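Reading the structure
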Amino acid sequence: MRRVVPLRSARPQAWLRGVTPGLSVKASMEMGSNSTEKFYRIPEGKGPHSVGCTDLMTENAVEGSFLRLYYPSCNATDNEEAPWIPDKEYYQGLSDFLNMYRVVGERLFQYYVGSVTCPAKSNAAFKPGEKYPLLIFSHGLGAFRTIYSAICIEMASQGFIVAAVEHRDESASATYYCKKKSISEPPEESTSSMEKEWIYYRKLKTGEEERCLRHKQVQQRAQECIKALNLILKINSGEEVTNVLHSNFDWNSLKDSVDTSRIAVMGHSFGGATVIESLSKEIRFRCGIALDAWMLPVGDDTYQNSVPQPLLFINSEKFQWADNILKMKKLSSNDANKKMITIKGSVHQSFPDFTFVSGEIIGRFFKLKGEIDPNEAIDISNHASLAFLQKHLSLKKDFNKWDSLVDGVGPNVIPGTNIDLSPAEPK
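Described below are features of the structure shown in this document. (Residues numbered from 1 in each chain as written. Predicted model: local features only at pLDDT ≥ 70, side-chain atom pairs only at ≥ 80, totals over all residues. Heavy atoms only, no water.)

**Examining the overall build of the protein chain**
Of regular secondary structure, the protein chain possesses 11 helices and 16 strands. Counting only residues that meet the buried cut, the protein chain has 57% of its 427 residues in that class. The long-range share in the protein chain, meaning contacts at least 24 apart out of those at least 6 apart in sequence, stands at 74%. Accessible surface, the protein chain: about 18,500 Å² in total, of which carbon and sulfur atoms supply 52%. (Helix = DSSP H or I, 4+ residues; strand = E, 2+ residues; numbered from the N terminus. Buried < 20%, exposed > 50% of the residue type's maximum accessible area, 1.4 Å probe, protein only. Contact = heavy atoms within 4.5 Å. Areas by Shrake-Rupley, 256 points an atom, 1.4 Å probe, with all protein chains shown as cover.)

Rendered as structure tokens:
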């Protein structure tokens with residue numbers, strides 16, 4: 001499903017301007033009491049670097065790249081934090097994905113998360129002076145490029161450049177590309193000659209086989225990750241790249257800033273399957289991290305040809321099931337560089353940002369929160385990821401202090417899986 005709207009400037013929409021950073025949710029609405037307002041907020045990066053972010057879109061066509069870049073930045077006190085969900089069309093797409101009426105969903109999302117910003121400074125100046133490893137991030141089904149900011153910001157604060165891809169395979173709740181307005185349309189005030197062509201989530205058709213659709217999508221997703229990699233390396237080499245979103249970020253400042261020998265790929269759920277597919281297609285990805293991977297989209301040829309690079313599976317306690325875990329084990333059998341851990345008390349939504357911007361009752365009702373504190377869960381995931389990346393990208397950091405987590409040793413983490421994989425007894 002597609003819809004066209006005029007392309008305005010890269011600044012946030014009016015309904016996002018002038019709002020206090022963070023999300024203000026009236027506790028009385030959620031708790032049924034007259035308590036004071038409680039603030040929920042996406043956690044800031046804990047590393048030594050300040051973090052900036054900017055959006056990049058190439059080409060006036062669906063085949064171009066679209067990503068949000070998170071990066072170590074100079075201190076930018078004058079820059080505002082980036083909007084978390086930058087267009088109301090994403091609310092509409094989320095409503096479609098959740099089978100809600102758009103008019104209801106849009107109002108609910110606007111009320112609860114319309115004021116949320118992510119703790120990264122929009123278009124802040126890039127911090128030069130060293131070569132940073134590169135991480136490509138792939139979102140899950142029904143998600144989009146901005147809603148894994150807690151993970152991406154933490155990685156950037158620890159010295160990574162992170163390119164969070166927005167996939168155009170109709171698996172995102174919503175996404176768009178830019179195209180030239182038709183001449184017949186009347187010019188509008190404060191608009192450019194471009195307009196946004198929106199692409200919404202495609203539901204399965206009656207009788208359609210899901211594995212076939214998802215396998216086709218995961219192949220496109222892997223190509224989009226590789227295309228994003230090529231794009232960042234092109235910028236790194238000093239080639240001119242046109243950003244059709246016209247931000248004021250200086251892309252020339254990224255020249256010679258990427259350590260081209262240290263590149264990895266990471267993703268959640270459908271993005272986890274995308275990690276595997278990307279590793280199988282692109283050897284420049286030296287390792288991968290799959291967060292609560294959904295293995296259905298992975299093709300048989302990937303199992304047959306194997307994936308040579310190191311791979312870390314970080315699973316939640318409540319999402320996985322035997323058949324899915326067995327597929328992971330099939331891919332990682334007899335390979336010491338392929339690891340699996342499970343975070344106790346976590347749920348599938350412990351990885352995206354929604355877990356941080358929802359209160360306890362709403363969070364539990366919609367399974368956005370597990371029994372573990374969301375901040376502890378994301379810390380375990382991020383620390384295990386950093387330790388794994390240090391080992392397999394040969395980084396000279398201190399992330400090896402979290403090596404035990406990669407082996408499933410530590411509070412609220414176990415090695416392997418909590419799922420019973422013993423064959424069912426015959427009836």
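Still more ground to cover, so stick around.
**Concerning the pattern of salt bridges**
Where charged atoms of side chains with opposite charge meet at close range, the side chains can pair. As enumerated under the stated definition, the model contains 25 salt bridges in all. Between glutamate 210 and arginine 214 there is a salt bridge; the shortest N-O distance is 3.1 Å. Remark: arginine 214 and glutamate 210 occur in helix α5 (residues 210-236); sequence separation between them is four residues, near one turn of the helix. By relative accessible area, glutamate 210 is classed as partly exposed at 27%. Judged by its relative accessible area of 2%, arginine 214 falls in the buried class. Residues joined by salt bridges that share partners form a network here, namely Asp55, Arg68, Arg145 and Glu166. (Salt bridge = Lys/Arg side-chain N within 4 Å of Asp/Glu carboxyl O.)

**Focus on helix α2 (residues 88-97)**
Working note: α-helix, 3.6 residues per turn, so residues spaced by three or four point in the same direction. Of all 10 residues in α2, eight are buried, a share of seventy percent or more. Here α2 has its buried residues at Glu89, Tyr90, Tyr91, Gln92, Gly93, Leu94, Ser95 and Asp96. Asparagine 99 lies just past α2 and shows a positive phi near 60°.

**Section: the environment of isoleucine 380**
Along the chain, the position of isoleucine 380 falls in helix α10 (residues 374-393). The sequence separation of isoleucine 380 and glycine 410 amounts to 30 residues, and the corresponding C-alpha distance is 9.1 Å. Those residues in contact with isoleucine 380 that lie beyond four places of it in its chain are Ile343, Ile372, Leu405, Pro411, Asn412 and Val413.

**Examining the packing of aromatic side chains**
The full count for this structure, using the stated rule, is 18 aromatic pairs. With a centroid separation of 5.2 Å and an interplanar angle of 85°, the aromatic rings of tyrosine 111 and tyrosine 112 are classed as edge-to-face. Overall, tyrosine 111 belongs to the partly exposed group, its relative accessible area being 38%. Among the residues examined, tyrosine 112 registers a relative accessible area of 19% and is labelled buried. Considering the side-chain rings of phenylalanine 399 and tryptophan 402, the 6.2 Å spacing of their centres and the 15° angle between planes classify their relative orientation as stacked. Classification of phenylalanine 399 as buried rests on a relative accessible area of 2%. Its end group placed over the ring of tyrosine 200, arginine 102 keeps NZ or CZ at 4.3 Å from the ring centre. Just above the ring of tyrosine 176 sits the side chain of lysine 196; from NZ or CZ to the centre is 4.6 Å. (Phe/Tyr/Trp six-rings, centres within 6.5 Å; stacked < 30°, edge-to-face > 60°. Lys NZ or Arg CZ within 6 Å of the ring centre and 35° of its normal.)

**Quick notes on the pairing of strand β12 (residues 258-268)**
A regular strand carries its side chains on alternate faces of the sheet. The element β12 is extensively covered by neighbouring structure, given that nine of its 11 residues are classed as buried. In terms of handedness, the path from β12 via helix α6 (residues 270-281) over to strand β13 (residues 287-291) forms a crossover that is right-handed. (Right-handed = clockwise from strand over helix to strand, strands pointing away.)

**What to know about the environment of phenylalanine 160**
For phenylalanine 160, the position within the fold is in the loop between α4 (149-157) and β9 (161-165). The class of phenylalanine 160 is buried, set by a relative accessible area of 1%. Taking the C-alpha atoms as reference points, phenylalanine 160 and proline 133, separated by 27 residues in sequence, lie 5.2 Å from one another.

**Some points on the nonpolar core**
Residues Ile85 and Phe160 are the most contacted members of the largest nonpolar core, which totals 71 residues. Per element, the largest residue contribution to this core is nine residues, and it comes from α10. Ranked by size, the runner-up nonpolar core spans 49 residues in total, among them Phe285, Ile325, Leu331 and Ile419. (Core = buried A, V, L, I, M, F, W, Y, C linked by side-chain atoms within 4.5 Å.)

**A closer look at unusual backbone geometry**
For glutamate 170, which is not a glycine, the phi torsion comes out positive at approximately 70°. By secondary structure assignment, the location of glutamate 170 is in the loop between β9 and β10 (174-180). Using a relative accessible area of 24% as the deciding quantity, one classes glutamate 170 as partly exposed. For aspartate 292, which is not a glycine, the phi torsion comes out positive at approximately 50°. Looking at the element boundaries, aspartate 292 is found in the loop between β13 and α7 (300-305).

**Thoughts on the side chain of threonine 417**
Note on placement: threonine 417 falls in the segment after β16 (413-415). A polar atom in the side chain of threonine 417 sits 3.0 Å from the backbone nitrogen of isoleucine 419. (Polar contact = N/O pair within 3.5 Å; in protein donor to acceptor, adjacent residues only side chain to side chain.)

**What to know about the sheet that holds strand β15 (residues 338-343)**
In spatial order, the strands read β6-β7-β4-β5-β9-β8-β12-β13-β14-β15-β16; together these 11 strands make up an open sheet with mixed pairing. The strands lining the two open edges of the sheet, one partner per strand, are β6 (81-83) and β16. Sheet twist, expressed as the mean angle between neighbouring strand axes with direction ignored, is 30°. In this sheet, β9 lies alongside strand β5 (residues 66-73) in antiparallel orientation, the contact comprising four bridges. Bridging from a neighbouring strand, leucine 69 pairs with alanine 163 of β9. The sheet contacts of α4 involve β4 (50-57), β5, β7 (117-122), β8 (132-138), β9, β12 and β13, and relative to β5 the element is tilted by about 40°. Contacts from helix α8 (residues 322-332) reach β14 (311-316) and β15 within the one sheet, and its direction differs from that of β14 by about 165°. (Pairing = 2+ DSSP bridges. Axes fitted to C-alpha atoms, helices over the stretch in contact; angles between N-to-C directions.)

Treat this as a map of the structure, not an account of what it does.
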